[in-house]
Amino acid sequence: MSEIESVLHEDRRFPPPAEFQRQARLSSPAEYEALYRESIDDPEAFWGRVARELPWMKPFERVLDWSNKPFARWFTGGKLNASAVCLDQHLAGARADARAIVWEGEPGDVRTLTYRELHAEVCRFANVLKSRGVQKGDRVAIYMPMIPELAMAVLACARIGAAHSVVFGGFSAQALRDRIEDGGCSAVITADGGWRRGSVLALKPEVDTAVDGIPSVHTVLVVRRTENEVAWTPGRDVWYHELAPKVSADCPPEPMEAEDLLFLLYTSGSTGKPKGIVHTTGGYLVGTYLTTRYVFDLRDDDVYWCTADVGWITGHSYIVYGPLANGATVVMYEGAPTTPHPGRFWELCAKHGVTVFYTAPTAIRTFMRLGEEHPAKHDLSKLRLLGTVGEAINPEAWMWYHRVIGAERCPIVDTWWQTETGAIMLTPLPGVTATKPGSATRPFFGVDAAILDERGNELPANQGGLMCIRKPWPSMLRGIWGDDKRFVDTYWSTVPGVYFAGDGARRDEDGYFWIMGRVDDVINVSGHRLSTMEVESALVSHPKVCEAAVVARPDDLTGQAIAAFVTVGGGVAIDDALRSELGEHVATEIGKLARPKEIRFTDALPKTRSGKIMRRLLRDIAAGVETVGDTSTIEDYSVLAKLRGDEA
Ligand code: WT7
């Protein structure tokens, strides 16, 4: 039962704007085709050549060893250091005094670090870690606000060969504790707090609870940011600003094997225990380096801003490693998108001259709801390229982004990938690919993407099925920390021997991919398997609707029925007339079959901190049962309470 019916039709096409194309790194479809073909037919030649663009301390002997499937080994025999790739290589030339990080705090304080300065800070940070006994091979948990020290901490770990395990600063003490224990971390790097929505979000109390009684943790290194009072455990807790002046700013990078662990990053599985996704050094850097270069088309004068938190893979790959490996100028922002005013993001774009902007569909829908007047107040004329990631973008949001933020001048790269893939997998190349709103378009170099059924057969055009990758790629996960069996079962067994990480998708007649959401979320109405994403997209295309989430609810007649949770714009009257209007709208947009059986209006949808709708919770609410699963990653518990109250 891997097949999914597609009911969404989208015919708009946007070729790369001529002005963009003229200066793009890649602008010829023929050149792109030739490179793509080579990357699939002769991946070792392709990736070997790309990898040699990075500064290796010892050249690799072999590009790929795929003999122990599904445990890939890339660039074996080679040695390199991720922090040297991101920093030291730029010190020889003109990039040394170019800005690496332009950071702004939520209160408006600004810090700028050139590559030379960032290098010195990272070396110092690395020596502080060493002075506390952190060693090559250790794991270090990082639980921090979005301040420059977060990037420094990550790179400092890499510099001394300790793996980092960044835990998003919004997670609870319990979530942090689980991850510290699972990773066997020896130290935790944190801060007194960070600024979020106008107040201090304290972090140290969470760390104190999390590490209490965990014997492996000998050090809690605390960066001072907000100067709030913090409790102190002498011997274990140390201030960064007290140790930093005592160590040298010289710290040679540790030569690491290409397959040495670079980091763990936990992703919550659908069932219980989070998975520590394993990424290693060489392949991850090659993948993030190349995708950043071609997808964001970065050049020396670009000012690039990815709005994700470094606590997610997006921040690892496209704030830290990929852009810095390319010598880019990266904007980093501490606070909330709408603090202190709804136009904050656009103010930052104008102030720092952002040229390339990468954000999530959930943020774009929030901005749509807030209104066009906010971006209109700021000069966005420097923007030349826009990107999205995290979930499928509904065509209405895509069009808004294109028109209001991009002034119909900027290509949009809708990038599909996962914590597990390490780097972007499906994406337009902005100087080459004609985009279609809602499609992540085509595979990146070296990505052998296909829509398969469980037997591994490729499905015909426009037939929804399993979104799979058939060949290994350099930045792929190498496993789940401490659980090889779960790695094989989770990713390589649905279609035996092929990578499948849970998404449904279809490929259209032009070879473009359309992600249809998680296959676990597919709704089966009278034997028709429908994608949540398509029904949601139809709902959101109604002018009164801001956001929508649809889930399956048990139904005596049809097996499952569609329950929709909808948020509407301010001033819209919520009544049965609106219910039938929306039902009718879905029926005419995509067909009667997809008309929700039930529509509930709500102020907000339950989401994770990274903006993903928690459909599992909504399913329980729609079915009228108590939620039993893990809710520790929900952003705002009051949303859940309200939804339940609505139920009573
Ligand atoms: C899941 C991965 C990749 C970094 C952020 C999320 C969904 C991601 C897209 C997109 C449709 C997307 C998928 C994927 N997703 N990008 N452009 N179009 N869906 O990382 O938390 O590992 O989540 O996010 O469902 O499997 P993640």
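Refer to the structure presented above.
Residues numbered from 1 in each chain as written. Predicted model: local features only at pLDDT ≥ 70, side-chain atom pairs only at ≥ 80, totals over all residues. Heavy atoms only, no water.

A. Structural context of the pairing of strand E24 (residues 499–507). Burial of E24 is extensive: eight of the nine residues sit out of reach of the surface. Direction of pairing for strand E22 (residues 465–469) relative to E24: antiparallel, over a ladder of four bridges. Following the sheet pairing, Cys 468 is matched in E24 by Phe 500. Across five bridges, E24 lies against strand E25 (residues 513–518) in antiparallel orientation. In the sheet register, Ala 505 faces E25, and the bridge partner there is Ile 515. Once E24 ends, the chain turns through five residues before running back antiparallel as E25, passing Gly 511 with a positive phi of about 80°. (Buried < 20%, exposed > 50% of the residue type's maximum accessible area, 1.4 Å probe, protein only. Helix = DSSP H or I, 4+ residues; strand = E, 2+ residues; numbered from the N terminus. Pairing = 2+ DSSP bridges.)

B. Main features of the environment of Gln 135. With respect to the secondary-structure elements, Gln 135 resides in the loop between helix H5 (115–131) and strand E6 (139–143). In contact with Gln 135, not counting residues within four places along its chain, are Ile 160 and Ala 162. (Contact = heavy atoms within 4.5 Å.)

C. Region of the structure containing helix H19 (residues 615–623). Restricting attention to buried positions, one finds in H19 the residues Arg 615, Leu 617, Leu 618, Asp 620, Ile 621 and Ala 622. After H19 finishes, the residue Gly 624 shows a positive phi value of roughly 75°.

D. Geometry of the site of the ligand. Not every one of the 16 residues close to the ligand is listed here, only the nearest: Asp 414, Thr 415, Gln 418, Thr 419 and Asp 503. At a separation of 3.3 Å, a nitrogen atom of the ligand approaches a polar backbone atom of Ala 392. A distance of 2.6 Å separates an oxygen atom of the ligand from a polar atom in the side chain of Thr 419. Its free accessible area being 550 Å², the ligand has 88% of it covered by the protein chains. Breaking the shell around the ligand down by element, the ones donating at least two residues are helix H11 (313–325) and E25. (Near = heavy atom within 4 Å. Polar contact = N/O pair within 3.5 Å; in protein donor to acceptor, adjacent residues only side chain to side chain. Areas by Shrake-Rupley, 256 points an atom, 1.4 Å probe, with all protein chains shown as cover.)

E. Quick look at the packing of helix H13 (residues 361–370) against helix H15 (residues 395–405). Contact pair H13 / H15: the axes reach a minimum separation of 10 Å and the direction vectors enclose 70°. Judged on the interaxial angle alone, H15 and H13 are roughly perpendicular. Contacts from Ile 364, Arg 365, Phe 367 and Met 368 of H13 reach H15 at Glu 396, Ala 397, Trp 400 and Tyr 401. (Axes fitted to C-alpha atoms, helices over the stretch in contact; angles between N-to-C directions. Parallel < 35°, antiparallel > 145°, perpendicular 65-115°, else oblique.)

F. Seen up close, the packing of aromatic side chains. Going through the model one piece at a time under the given rule, you end up with 40 aromatic pairs. An angle of 50° between the planes, with centres 5.5 Å apart, marks the rings of Phe 46 and Phe 445 as tilted. Placement of the pair is Phe 46 in helix H3 (residues 43–51) and Phe 445 in the loop between strand E20 (412–414) and strand E21 (449–452), with a sequence separation of 399 residues. In terms of burial, Phe 46 and Phe 445 fall into one category: buried. Seen from their ring centres, Trp 232 and Trp 239 are 4.8 Å apart, and the 20° between their planes marks the pair as stacked. The structure contains a cluster of three or more aromatic residues connected by ring pairs, namely Tyr 32, Tyr 36, Phe 46, Trp 47, Tyr 294, Phe 444 and Phe 445. For the cation-ring pair, Lys 436 lies above Tyr 512, with the distance from its terminal atom to the ring centre recorded as 4.5 Å. (Phe/Tyr/Trp six-rings, centres within 6.5 Å; stacked < 30°, edge-to-face > 60°. Lys NZ or Arg CZ within 6 Å of the ring centre and 35° of its normal.)

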